[in-house]
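As a plain string of letters, each chain reads:
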Amino acid sequence: MNSKLKKILIVLGIVLLVGFYGYNYIMHGGARDIQLEESAFVVSSNDIKNEFTKNIDEATKKYLNKTIEISGLISNIKDSIVTIDETIFCKMISFKNVKENKDKITIKGRLVGFDDLLGEIKLDECNIKTN
Amino acid sequence: MKNFKIILFGLLFINMGFAQKMLTRTGEVKFEASMPGIEEVAGTSTTSSCVFDKSTGDIAALTLVKSFKFKAPLMEEHFNENYMESSTYPKSTFKGKVIGFDSSKLTDKAQTYDLEGDLTIHGITKKIKTKITLTPSGEKLIVTSNFSVKPVDYGIKIPSLVKSKIAENASIALKFNLEKQ
């Protein structure tokens, strides 16, 4: 009787554990933490701008969904968006260390694509890289 | 001197034309294809762009597919890789016209118009007709629209295994706070 109960409890425990981890994986698994990832590319704002001007499709293929670091001058700060050199749109996760307009900064984030309506390169999950 | 005046007038008109344009870079686009009682299938992009020309009623919007955020990262991955194939088709666009729009008739109240245009999703373009609501708010113009699309129409295949979990009609809700350029 006692050993039977033990077995049932162990099986129940395993089922619960698998269920818990399974649910957790489905709901929260596979998340990327861009800031902890190693940057695939480190570029200046002018270089990446030129690449997109030359060939949008090729540049998109190269950078899309990649974690990159871009350095350039801040041209605009508004809400949660920092714009570098008029054309690089960065959606920030934090505003810590964001300085003034015209300051030189390096931003690390994920490239989500090229917006040809406004001619902007868009990034999200961005944060200021401090050295 | 006369020529100069003409040029000046011309420039003024060009300038007026530009002044009629309103835009946003942080528009909200919500996508939902949930079935009742089953895990929510929904994503939101808060970095969509939209340009609206008040003088002609022309409107264009663009959403980068990768900018959709889902509650569950795995769902986001499936949305991008299996359904939208966002590496091949990184953007969805709309280009159309607000039918019968007259900016001089804008009041403080919300006004609803017919909206017609081309919607491109997953590399396939279809004509759509829907309603659009414009609400002036100070210097801004708030634009909202809701419509539904059938993924099948845009060549998006949903495997039979998950068919019961994803709605046949996906609803799309737009909210753009347009500002003067």
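For clarity, every value in this text was computed on a predicted model and none was experimentally measured.

Participant: Please explain the overall build of chain A as it appears in this structure.
Facilitator: Along the backbone of chain A there are three helices and six strands. From first element to last, N terminus to C terminus, chain A shows the α and β order α-β-α-α-β-β-β-β-β. In terms of overall dimensions, chain A has C-alpha extents of about 75 × 35 × 25 Å along its principal axes. By the burial criterion, 25% of the 131 residues in chain A qualify as buried. Sequence separation of 24 or more characterises 61% of the internal contacts of chain A that already satisfy a separation of 6 or more.

Participant: Where do I start with the overall build of chain B in this structure?
Facilitator: On a plain count of helices and strands, chain B comes out with two helices and nine strands. Each helix and strand of chain B, ordered N terminal to C terminal, gives the series α-β-β-β-β-α-β-β-β-β-β. The buried share of chain B, taken over its 181 residues, is 29%. Considering only contacts within chain B whose residues lie at least 6 apart along the sequence, 56% involve residues at least 24 apart.

Participant: Could you clarify how one ought to interpret the domain arrangement of chain A in this entry?
Facilitator: In many analyses, interface size is given as the accessible surface area lost on bringing the parts together. Splitting chain A by domain gives domain 1 (1-31) and domain 2 (41-128). One C-alpha centre belongs to domain 1 of chain A, the other to domain 2 of chain A, and the line joining them spans 44 Å.

Participant: Looking at this structure, how should I read the interface of chain B and chain A?
Facilitator: At the interface, 17 residues of chain B touch 20 residues of chain A. Of all elements in the fold, only strand S1 (21-34), strand S2 (42-53), strand S3 (58-64) and helix H2 (73-83) of chain B reach the threshold of two or more residues within the side of chain B that touches chain A. Of the residues in the side of chain B that touches chain A, the class split is eight nonpolar, five polar and four charged.

Participant: Even after reading the chapter, I still don't get the pairing of S3(B), so can you show me in this structure?
Facilitator: Side-chain positions along a regular strand alternate between the two faces of the sheet. All names here are of chain B. Along S3, five of the seven residues are buried, which leaves the element largely enclosed by surrounding structure. Pairing analysis gives four bridges linking S2 to S3, with the strands arranged antiparallel. When the sheet's bridge partners are listed, Val51 is paired in S3 with Ala60. Counting the residues between successive antiparallel strands, the hairpin from S2 to S3 contains four residues, one of them, Gly57, with a positive phi of roughly 85°.

Participant: Explanation requested: unusual backbone geometry in the structure shown.
Facilitator: Negative phi characterises most residues that are not glycine, and trans characterises most peptide bonds. Residues and elements named next belong to chain A. For Asp79, which is not a glycine, the phi torsion comes out positive at approximately 50°. Mapped onto the fold, Asp79 is located in the loop between strand S2 (67-78) and strand S3 (81-84). What makes Asp79 exposed here is the crowd of 11 C-beta atoms within 10 Å. Of note in the backbone geometry, Asp85 takes a positive phi value of approximately 45° without being a glycine. Following the sequence through the fold, Asp85 ends up in the loop between S3 and strand S4 (88-92). A count of 18 C-beta atoms within 10 Å places Asp85 in the partly exposed class.

Participant: It is not clear to me how helix H2 (residues 45-54) of chain A should be interpreted in this structure. Could you clarify?
Facilitator: Working note: α-helix, 3.6 residues per turn, so residues spaced by three or four point in the same direction. Residues and elements named next belong to chain A. Of all the residues in H2, the buried ones are Ser45, Ile48, Lys49 and Phe52. Taken around the axis of H2, the buried residues stretch over an arc of 105°, which confines them to a single face. For H2, exposure combined with an orientation more than 90 degrees from the buried face picks out Asn50 and Lys54.

Participant: What exactly am I supposed to notice about the environment of Lys96(A) here?
Facilitator: Residue and element names in this part refer to chain A. Looking at the element boundaries, Lys96 is found in the loop between S4 and strand S5 (104-115). By C-beta crowding, Lys96 is classed as exposed, having 9 other C-beta atoms within 10 Å. Along the chain, Lys96 and Ile107 lie 11 residues apart, while their C-alpha atoms are 12 Å from each other.

Participant: Can you walk me through the confidence of the model for chain B in this structure?
Facilitator: Any residue range with low pLDDT should be treated as having predicted coordinates unsuitable for detailed reading. Chain-level pLDDT for chain B is 89 on average; 90% of the residues reach the 70-or-more range. Both confidence scores are given for the complex: pTM 0.85, ipTM 0.82.

Participant: Can you help me understand the nonpolar core in this one?
Facilitator: In a soluble, globular protein the nonpolar side chains are often hidden away together inside. Grouped together as the largest cluster of nonpolar side chains are 51 residues, with contacts concentrated most on Cys90(A), Ile121(A), Cys50(B), Phe52(B), Val143(B) and Leu178(B). Residue contributions to this core peak at five residues, all from strand S9 (residues 166-180) of chain B. If near-sequence neighbours (up to four positions away) are discounted, Cys90(A) is found in contact with Ile81(A), Val82(A), Ile84(A), Ile107(A), Gly109(A), Leu123(A) and Cys126(A).

Participant: Please explain the environment of Phe41(A) as it appears in this structure.
Facilitator: Examined against the element boundaries, Phe41(A) turns out to sit in strand S1 (residues 41-44). For the pair Phe41(A) and Asp85(A), spaced 44 residues apart in the sequence, the C-alpha separation amounts to 18 Å.

Participant: Where do I start with the pairing of strand S6 (residues 111-121) of chain B in this structure?
Facilitator: Residue and element names in this part refer to chain B. Sheet topology places strand S5 (residues 91-99) next to S6; seven bridges connect them, and they run antiparallel. Looking across to S6, one finds that Lys97 is bridged to Glu116. Relative to strand S7 (residues 124-137), S6 is paired through 11 bridges, and the arrangement is antiparallel. Each bridged residue has a counterpart across the sheet, and for Gly117 the counterpart in S7 is Ile128. Between S6 and S7, which pair antiparallel in sequence order, lie two residues; one of them, His122, sits at a positive phi of approximately 60°.

Each value, and the rule that gives it
- Residues numbered from 1 in each chain as written.
- Chains lettered and ligands numbered in written order.
- Predicted model: local features only at pLDDT ≥ 70, side-chain atom pairs only at ≥ 80, totals over all residues.
- Helix = DSSP H or I, 4+ residues; strand = E, 2+ residues; numbered from the N terminus.
- Buried ≥ 20, exposed ≤ 12 C-beta atoms within 10 Å, placed from the backbone.
- Contact = placed C-beta atoms within 7 Å.
- Domains from an automatic or database assignment.
- Nonpolar A, V, L, I, M, F, W, Y, C, P; charged D, E, K, R; others polar.
- Pairing = 2+ DSSP bridges.
- Arc of directions from axis to C-beta.
- pLDDT = per-residue confidence, 0-100.
- Core = buried A, V, L, I, M, F, W, Y, C linked by C-beta atoms within 7 Å.

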